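# Descriptive structure summary
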Amino acid sequence: MRRIHVGNALSAFGLGFTVPYLYVYVAQVRALGAMTAGLVLAVFAVAALVVLPFAGRAIVRRGPLPVLIAALITAAVGAMSLGLAGSAVSVLASAAVLGAGQAVMQPALATMIVDCSTAATRSRDFAMQFFLQNLGLGIGGLIGGHLVDAERAASFTLLFSIEAAMFLLLVVIMATVRLPHAPNVGTAAPASGRASWKQLLGNRAMVQLCVLGFVLFFACYGQFESGLSAYGVVAAGISTSALGTALAANTMMIVVAQFAVLKFVERRRRSRVIAAVGLIWAVAWAAAAFAGLGHGSQSMATAVFVSTYALFGLGEAMLSPTLAPLVADLAPTGMAGQYNSAFALVKQLALAVGPAVGGPLAASLPAPYVVTFLLCSLGITFLAIRLGRRLTPAQDQASSARSLVVAQGGASMEPVATHA
């Protein structure tokens, strides 16, 4: 588990070097224009949507470790190629390779965490993963910002080389991992990919969680760097430096609050925790409405807008030990990889649709924008309470299953209980 956590931190550290500067690199340094830069960001999402339906089946058949190593090597090749690419075609092709590798890492690492944890420890392990991911992204972005120079293409090549090196270093570390048990696929998993997807779609609790997850990612993560930032600039008059402060407040809240809220989250029903996140995010959107549509001073609007991002960070800290363990506990024995990949696919869909809807709406209709996402946040609360009625006590509250060791990354294949 320690090696897996180191791997999460290193991969996030590598991504932090390049993600904040990708647009500038493509549009300005390589002089390929804003259109190509936008297409590169779209290619990342498309590549993820293409590979994730197959990633789950590969994890079930081969195990998460071989799939993770293949994804890391793929991502390293994509990162190095992107740092050397000079034409639009090579940049887009490299972005597709890098995006595909990055997309598969997430469910593979999540499945490894499931295989190395129990129902009693899983929430804490996923909280640690989320903490290290944000810490790695923040440190990587900070160091990368001091190394990069928009006037020198070689400085960006160095950044992508460091990212590729991080992925290859992670290959070496992961090669030393010995999972405590291997999935018994022959007796637990369906024989075909179609059958496994049919089984997943037949799990009504998992389907409801996927719908809830889509709304969660659409209303929060899908707005961070598109709709919400556009709303802040257009409606609230927020400066770019203030936007940077708001993003820093989000990360700081996650780092500070992650383990402070963990004990609170572990003792509550997961559905109620998610419902509480919906209410917190509704308050965040109300604060954004006040910042952009109120009549306070500019300094007050900026302070309130920064608090919006901080409230989102508090909700994220509550979700990290809740969502991923719930996905694992809903998965039948040996099917954690399939379920993790399905949930990652839902996340990618939301992250693709969110900016496409939120960005134009925020720029043209600020008031309807904040009202829409305030209602989405209240919808999260409603969907979470509804999901709770379909979960068993062990699935809904990890503390009720502390004596139960969930092997192979999932719950037993017991029928899902429905209770009022």
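Numbering of residues begins from 1 in every chain and follows the order in which that chain's sequence is written. Predicted model: local features are reported for residues with pLDDT of at least 70 only, side-chain atom pairs are reported and counted for 80 or more only, and whole-chain, interface and lining totals are derived from all residues. Water and hydrogen atoms were dropped before computing side-chain values, which therefore reflect all heavy atoms in the structure.

### Thoughts on the overall build of the protein chain
Selection criterion: Helix and strand definitions here come from DSSP, where helices need a minimum of 4 consecutive H or I residues and strands a minimum of 2 consecutive E residues; each element is numbered from the N-terminal end. Only the C-alpha atoms count toward the radius of gyration. The rule for a globule is 2.2 Å times the residue count to the power 0.38. Relative accessibility thresholds used throughout: buried, under 20% of the residue-type maximum; exposed, over 50%; partly exposed, between the two (1.4 Å probe, protein chains only). Here a residue-residue contact requires only that any non-hydrogen atoms of the pair lie within 4.5 Å. Surface accessibility follows the Shrake-Rupley procedure with a 1.4 Å probe radius. Residue values consider only the protein chains on display as shielding. By the counting scheme adopted, Arg and Lys are positive, Glu and Asp are negative, and His together with the chain ends is not counted. Each charge is placed at NZ for Lys, CZ for Arg, CG for Asp and CD for Glu.
In terms of helices and strands, the protein chain carries 19 helices and zero strands. Computed over C-alpha atoms, the radius of gyration of the protein chain comes to 21 Å, within 12% of the 22 Å expected from 2.2 N^0.38 for 420 residues, which places it in the range of a compact globule. By its C-alpha atoms, the protein chain is 55 × 50 × 35 Å across when sized along the principal axes. Counting every position in the protein chain, which comprises 420 residues, the buried fraction comes to 54%. Pairs at least 24 apart in sequence give 87% of the contacts found in the protein chain among residues at least 6 apart. Just so you have it, the protein chain exposes about 16,900 Å², and 69% of that area is on carbon and sulfur atoms. Within the protein chain, the 11 negative side-chain charges are centred at a point lying 10 Å from the centre of the 24 positive side-chain charges.

### Points about the packing of helix H11 (residues 227-234) against helix H15 (residues 298-319)
Filter applied, for reference: With axes taken as lines fitted to C-alpha atoms, and helix axes fitted only over the stretch in contact, angles between N-to-C directions fall between 0 and 180 degrees. Any angle from 65 to 115 degrees is called roughly perpendicular, while one under 35 is roughly parallel, one over 145 is roughly antiparallel, and all others are oblique. Handedness of a crossing is defined here by the sense of rotation of the near helix relative to the far one, left-handed for an anticlockwise turn of less than a right angle and right-handed for a clockwise turn.
Where H11 meets H15, the axes come as close as 11 Å, and the angle between the chain directions of the two elements is 165 degrees. The angle between the axes of H11 and H15 places the two elements in the roughly antiparallel class. For the pair H11 and H15, the crossing hand works out as right-handed. Together, Leu-228, Ser-229, Tyr-231 and Gly-232 of H11 and Phe-305, Thr-308, Tyr-309 and Phe-312 of H15 make up the contact between the two elements.

### Here we look at a positive patch on the surface
Using the following cut-off: Only residues whose relative accessible area exceeds 30% and that take part in no salt bridge are eligible for patches, with like-charged residues grouped when within 9 Å of each other and nonpolar side chains (Val, Leu, Ile, Met, Phe, Trp, Tyr) grouped when within 5 Å. For salt bridges, the criterion is a side-chain nitrogen of Lys or Arg within 4 Å of an Asp or Glu carboxyl oxygen.
Taken together, the side chains of Arg-204, Arg-272, Arg-386 and Arg-389 define a basic patch exposed on the protein surface. Structurally, Arg-386 can be placed in helix H18 (residues 366-388). Given a relative accessible area of 45%, Arg-386 falls into the partly exposed group.

### Focus: the state of the cysteines
Heads up, the rule is: The disulfide criterion is simple: two cysteine sulfur atoms within 2.5 Å.
Under the counting rule described, the total for this entry stands at zero disulfides. Distance from the sulfur of Cys-210, which forms no disulfide, to the nearest cysteine sulfur (Cys-376) is 18 Å. In this model Cys-376 remains outside any disulfide bridge; the closest cysteine sulfur is found in Cys-220, 12 Å from its own.

### Considerations on the side chain of Glu-316
For clarity, the cut-off: Polar contact is the term for a pair of N or O atoms within 3.5 Å; when the atoms are in protein, one must be able to donate a hydrogen and the other to accept it, and sequence-neighboring residues count only if both atoms are side-chain atoms.
Topologically, Glu-316 is positioned in helix H15. Reaching out from Glu-316, the side chain makes a polar contact with the side chain of Asn-250 at a distance of 2.9 Å.

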